[in-house]
Amino acid sequence: MWVLGLIFVLCFSGLANADAGLFHKTAKNAVFHVPWSDKTVSWEFNLKDWGTWNILAVSVNKEYISSPSGTDWEYVYLAKPTDSTAYDWMGGNHNNEALKTLEFVIDGEVVKDGTYKVTQSLVINETTDLVYPGGKRIVGSVIRRYEINVEDPNRLNFSQSTTWHTDMHMDRAYVCMLPIRKKHGRFFKMGFVEGSFVDGVRTNANKGLQRVTETFLYGDSGWGMIAGIADLSSVDDYQYSKTGAFIWDLSLDHVKLYYPRAYEMGATFVRKGSVWDSSSYYLIVPVEE
């Protein structure tokens, strides 16, 4: 089943209907509707209470493929300055991040709130500061870039560059994640490992556990997603991650894929001035039921 779907998307995603997309933005939400053959892919973003904008979800013909829970996709860090005692989450859906600059760019032009026709691409450029809550210290800065092209409506590309301003100890760091509904992602193929989860049951188990750059998740309802990182440099060759990438069965109705740069290896030292770059991508995949 997954093979046929994978062949289909790799061969034909670039031949998708190139008709114009439609972008709508308000003060707190943004959605990009893009025609895809006889369907519509909708990529959603939203404003967090602390001021940053993150990926919210993706759907096809209003059917959510990902879990629309607002949890992390891009990155998140559990860390502390070396002269502090307590670890705290920063970035993603965990607050402790402050917006510096933000622009939505359609076909090369910066736009404000409203509804716009898109013939080429949507790009979102965002810069932020990572704020350690103890003393409200700015310990890092992030440059983000999102891109969706009309000719490849089922694909979102994301890149980020994190510069650390303080010597840090890192407990956990994830640079690419995907929350996906079990009906569209309870089966997975990760490297040479295949497996599944049970819809309607939460086990808290981690599966996959492979040092890979790409994972394919699919379900029982005609859809799946591929999520990956550009190369192993995004995760520092997994040298600070015990198991590699994994999928967590964290809910009754969805699972979440993680690519860790630091995980279960104790306090990883990150020197002031270090720059962490990563690129990731998300691809919607039709599969035969």
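Refer to the structure presented above.
Attention in this report is confined to the structure presented alongside it. Just so you know, these numbers come straight off a predicted model, no measurement behind them. The written sequence of each chain sets the order in which its residues are numbered from 1. A pLDDT threshold of at least 70 governs which residues receive local features in this predicted model, and a stricter bar of 80 or more applies before side-chain atom pairs are shown or counted, although totals over entire chains, interfaces and linings include all residues. Excluding hydrogens and water, the side-chain values take into account all heavy atoms of the structure.

### Things to note about the side chain of Thr127
Logical step 1: By definition, any uninterrupted DSSP run of H or I lasting at least four residues is a helix, any uninterrupted run of E lasting at least two residues is a strand, and each is numbered from the N terminus. Among the structural elements, Thr127 can be located in strand β11 (residues 121-132).
Logical step 2: We call two N or O atoms a polar contact when they sit within 3.5 Å, provided that within protein one can donate a hydrogen and the other can accept it, with sequence-adjacent residues counted only if both atoms are side-chain atoms. Polar side-chain contacts of Thr127 include one of 2.5 Å to the side chain of Thr101.

### A look at the pattern of salt bridges
Logical step 1: Every case where a carboxyl oxygen of Asp or Glu lies within 4 Å of a side-chain nitrogen of Lys or Arg is listed as a salt bridge. Taken as a whole and judged by the stated rule, the model has 15 salt bridges.
Logical step 2: Lys183 is paired through a salt bridge with Glu63; the nearest N and O atoms lie 3.4 Å apart. Residue Lys183 is located in helix α2 (residues 182-185), and its partner Glu63 is located in strand β5 (residues 63-64); the two are separated by 120 residues in the primary sequence.
Logical step 3: With a relative accessible area of 27%, Glu63 lands in the partly exposed category. Burial classes follow relative accessibility: with a 1.4 Å probe on protein chains only, a residue under 20% of its type's maximum area counts as buried, one over 50% as exposed, and anything between as partly exposed.

### Things to note about the sheet that holds β5
In a beta sheet, neighbouring strands are held together by backbone hydrogen bonds and run either parallel or antiparallel to one another.
Logical step 1: Strand pairing is defined by DSSP finding a minimum of two bridges between the two strands. Read from one edge to the other, the open sheet built from 6 strands follows the order β5-β4-β3-β2-β1-β10, with strand pairing classed as antiparallel. Of all strands in the sheet, those with a lone pairing partner are β5 and β10 (114-118), marking the two edges.
Logical step 2: Examined bridge by bridge, strand β1 (residues 21-25) and β10 share 5 bridges and lie antiparallel to one another. Residue Phe23 lies in a different strand from β10, and its bridge partner there is Tyr116.

### Details of the packing of aromatic side chains
Two measures describe an aromatic ring pair: the distance that separates the ring centres and the angle between the ring planes.
Logical step 1: Only rings of Phe, Tyr and Trp enter the pairing, Trp through its six-membered ring, and a pair is recorded when the two centres are within 6.5 Å. The plane angle decides the type: under 30 degrees is stacked, over 60 is edge-to-face, the rest tilted. Following the criterion strictly, the structure yields 20 aromatic pairs and no others.
Logical step 2: Consider the rings of Phe246 and Tyr258, whose centres lie 5.1 Å apart with planes at 15°: the pair is stacked. Residue Phe246 is located in strand β20 (residues 245-248), and its partner Tyr258 is located in strand β21 (residues 254-262); the two are separated by 12 residues in the primary sequence.
Logical step 3: Following the ring pairs from residue to residue traces out a cluster consisting of Tyr174, Phe246, Trp248, Tyr258 and Tyr263.
Logical step 4: Remark: a charge is flagged as sitting over a ring if the NZ atom of Lys or the CZ atom of Arg is within 6 Å of the ring centre and within 35 degrees of the ring normal. The ring of Tyr87 has Lys80 lying over it, and the distance from NZ or CZ to the ring centre is 5.4 Å.

### Some points on the pairing of strand β16 (residues 193-196)
Logical step 1: Pairing analysis gives 4 bridges linking strand β15 (residues 187-190) to β16, with the strands arranged antiparallel. Bridging across to β16, Phe187 finds its partner in Ser196.
Logical step 2: Hairpin connection from β15 to β16: 2 residues lie between these consecutive antiparallel strands, with Gly191 at a positive phi of about 60°.

### Structural notes on the sheet that holds strand β12 (residues 137-149)
Logical step 1: Reading across from one edge, β9-β8-β11-β12-β13-β23-β19-β18-β15-β16 is the order of the 10 strands in this open sheet, with antiparallel pairing throughout. Edge positions in the open sheet fall to β9 (109-111) and β16, since each of these has one partner strand only. Each strand of the sheet is rotated relative to its neighbour by a mean of 20°, with strand direction disregarded.
Logical step 2: Pairing between β11 and β12: 12 bridges, direction antiparallel. Bridged to Asn125 within β12 is Arg145. Orientation is described by axes fitted as lines to C-alpha atoms, over the contacting stretch for helices, and by angles from 0 to 180 degrees between their N-to-C directions.

### Comments concerning the side chain of Glu97
Logical step 1: Along the chain, Glu97 turns up in strand β8 (residues 97-106).
Logical step 2: Residue Glu97 is classed as buried on the basis of its relative accessible area of 2%.
Logical step 3: At 2.4 Å, the side chain of Glu97 forms a polar contact with the side chain of Tyr75.

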